[in-house]
Structures are given as C-alpha cells and as structure tokens.
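# Structural features, examined
Given next are the chains, with one letter for each unit.
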Amino acid sequence: MGLPNRRRTLATDDRGGAGQVGVDRLIHEPARLAIMTNLFVVESANATYLLQQTGLTWGNLGSHLVKLEAAGYLSTNKSFRGKQPQTTIALTPVGRAALLVYRRQLFAALDPISE
Amino acid sequence: MATQLPDLKALERQAFARFYDDGLFDLLLGLMMIALSLGAAIQDWLDSESAAFAVMLAAAVVLVISFKVLRVRLVRPRLGDFKPGPERRHRIAATRLALLGSFVLGVVAFGVVGVAGGLGISPAAVEVLLPLVWFGNAIVVLGIMAYLLDVPRFYFYGVLFGLVGPLLMWPDVLWDVRIPPPLAFGILAAPILAIGTWKLVRFLKTYPVHGAPEPETNLGD
C-alpha cells in the first residue's frame, strides 16, 4: 500500500506542487480541508450537517469521506434513528492531530512570505 | 473553494449560531409571553391564581413540545445534526442552569408576594420591587443566553421581556393607569414574533431540504 502513503504526505525533497512545502496533501485539498475543519470544531456530525457546512454534493462528500476514513482521519458510525438510517461522522484522534500538524506546517511555510 | 486556514473558533460559532437562525426560539419566546398574558388575563377575569397558573403551565408545555417537534421536522433535515464539542457543551449546560435559576427566582419572588403581608412588606413596596426583580431576572437570563450561545439579539429580547413587569405595575402605582396584561405583553412580544416569523421564512427559503443521498455514497441520514 505504498501509493496511499505517498499521496498522503509529501516530504520536502519531493518534487512539484504542494509537496514543496511539506504539507499533508490529503488534507490540503480544499473540500477535504473543509470537511476536516468542520468536524474539528464538533464532537461528531451527520452527513447532512457536513453537506450544509461545506456546500459539497452527496457524491463529492461521499468520495472525500471514504479517502479520509481510509487514512484513519475519521470514523463513521451507521445507526438507525427510528426507521431512518443515519451516518455519524467524527474525527479520530489521529485526524485531529493531523489537522493541527497541517495547520502548523502551512503557517510555517507561509511565514517567510511578507505582504 | 479557495484553500485557506479557517479561524476554527469563528467556524464553530458560525455553525452553532446557524441553528438559532431558524426563528423558532424567537417564536417560542414571543408565544410564551402571549401565554403569560393569557394567564394574567384569566387571573383578572376569574380572580383565580390556580386557574391562571394551570393555563400558563399547559400553554408552556404545548409550546415547548411544539418547538422540539418543529426543530426535528424543519431544522434537522435542512441543517443536519451535530454533537457539540466540550466547550460548547459547557456553555449549553451553563445556559440551562441560568434558565433553571431564573425559573426558581421567579417562583420565589411570586411566593414572597403571596406572603408579603405576613413578612411585613407593604403592597406598595411589592408593586415597586416585583417589576424590578422581573426586569433584572429577564435581562440577566437572556443576557447569559445571548453571551453563551453567541446570539446577540437575545440581549434585545431580554430588555423587551424585562419591560413587561414595570409596564404592568408601575403606571398603576404612579398614575393610576391600568394597562391590560394582553396589551402590555402583546406590545412587547410583537417585535420578537415579527423577527421570529421573518427569520423562519428566510430560513425555509435559504436552506432547502437536501434530497436523499445516492445509494453508492452510503451516507443515509
């Protein structure tokens, strides 16, 4: 499973794109960053909440959630409220730590830039 | 969607405040005031405190249940559902504590009024002090809600709700002018009900119900 790891984090010696600043590219994608930050400020949320907060479509949201879950950044829990199926999504401790690291890395990368 | 570092605290506040942008709490508060006015009117007509209390209690129960049902039926399908983080949960708990404290203070204040004669408190003193307690109680509890829930318009509601007490009792004491309870409550509840209605209509227009997710997304809500 080398590819997913390579996709997730790029070292500073990696060539090209966001890898130059050494940030987690899985989080760096705008839609996934929106999902991560919205989950960071709550304990858990359902899919409709994320849909509303991020402005994504069901299809987009679903595909990004699968990627983040595969990386261990979030967990999903399927249950029923009455007869209605419900998916509850929460950041894992790994996901919370990864977002904080990403934030620190991006600040560090932008720090030398003066306006 | 541009990549940027969001202010996480602001994001949390904005997400939570959106759940008070539906106007339902405003309508609940405004209708509670109308229910109180009904109780006060019944007390005047029937001269029965127990009948007035029963009407107010029944109305409050019906309103709170309706509020809960509408939140589930109208808000949840539009905004979804979330479990707040620890700091927000503490704020919500503190708000509930403030509401409970306000209720207890109200009951104690009206209890004291009932036995004021026995305690050596003159009716004139009651008519001056009770509206002050009412005003302070409303300002403090709705001010706490405004601050802890990040909904600034609740400060304004605190003033409106608080003015009911003085408006009902002080003109009578000062100028011998008796303002009927439905009028006093109605005047002060009207702006709250108007804001609530406007917010509810805007909310329903702004936030459509999301269709069911495609089966392949596996995201049933």
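Refer to the structure presented above.
Residues numbered from 1 in each chain as written. Chains lettered and ligands numbered in written order. Predicted model: local features only at pLDDT ≥ 70, side-chain atom pairs only at ≥ 80, totals over all residues. Heavy atoms only, no water.

## Quick word on the overall build of chain B
The helix and strand tally for chain B stands at 7 helices and 1 strand. Across chain B, helices and strands are ordered from the amino to the carboxyl terminus as α-α-α-β-α-α-α-α. With the C-alpha coordinates of chain B rotated into their principal frame, the extents come out at 70 × 30 × 25 Å. Here chain B holds 221 residues, and 38% of them are scored as buried. Considering only contacts within chain B whose residues lie at least 6 apart along the sequence, 76% involve residues at least 24 apart. Across chain B, the mean location of the 18 positive side-chain charges is 8 Å away from that of the 17 negative side-chain charges. (Helix = DSSP H or I, 4+ residues; strand = E, 2+ residues; numbered from the N terminus. Buried < 20%, exposed > 50% of the residue type's maximum accessible area, 1.4 Å probe, protein only. Contact = heavy atoms within 4.5 Å. Lys, Arg positive; Asp, Glu negative; His and termini not counted. Charge placed at Lys NZ, Arg CZ, Asp CG, Glu CD.)

## Describing the pairing of strand 3 (residues 84-91) of chain A
Residue and element names in this part refer to chain A. Taken together, the 2 bridges between strand 1 (residues 42-46) and strand 3 define a ladder with antiparallel strand orientation. Looking across to strand 3, one finds that asparagine 46 is bridged to threonine 88. Looking at chain direction, strand 2 (residues 74-81) and strand 3 are connected through 8 bridges and run antiparallel. When the sheet's bridge partners are listed, leucine 74 is paired in strand 3 with leucine 91. (Pairing = 2+ DSSP bridges.)

## With respect to the packing of helix 5 (residues 123-149) of chain B against helix 6 (residues 153-175) of chain B
Residue and element names in this part refer to chain B. In the contact formed by helix 5 and helix 6, the axes pass within 7 Å of each other and the chain directions differ by 175 degrees. Taken as axis vectors, helix 5 and helix 6 run roughly antiparallel relative to one another. Its residues placed into classes, the contact of helix 5 with helix 6 shows 24 nonpolar, 4 polar and 1 charged. (Axes fitted to C-alpha atoms, helices over the stretch in contact; angles between N-to-C directions. Parallel < 35°, antiparallel > 145°, perpendicular 65-115°, else oblique. Nonpolar A, V, L, I, M, F, W, Y, C, P; charged D, E, K, R; others polar.)

## Remarks on unusual backbone geometry
Residue and element names in this part refer to chain B. Here aspartate 150, not a glycine, exhibits a phi torsion of approximately 60 degrees, which is positive. For aspartate 150, the location among the structural elements is in the loop between helix 5 and helix 6. In this structure aspartate 150 comes out as partly exposed when scored by relative accessible area, which is 22%. One non-glycine residue, aspartate 176, adopts positive backbone phi at about 60 degrees.

All quantities given are derived from atomic positions and should not be read as evidence of function.
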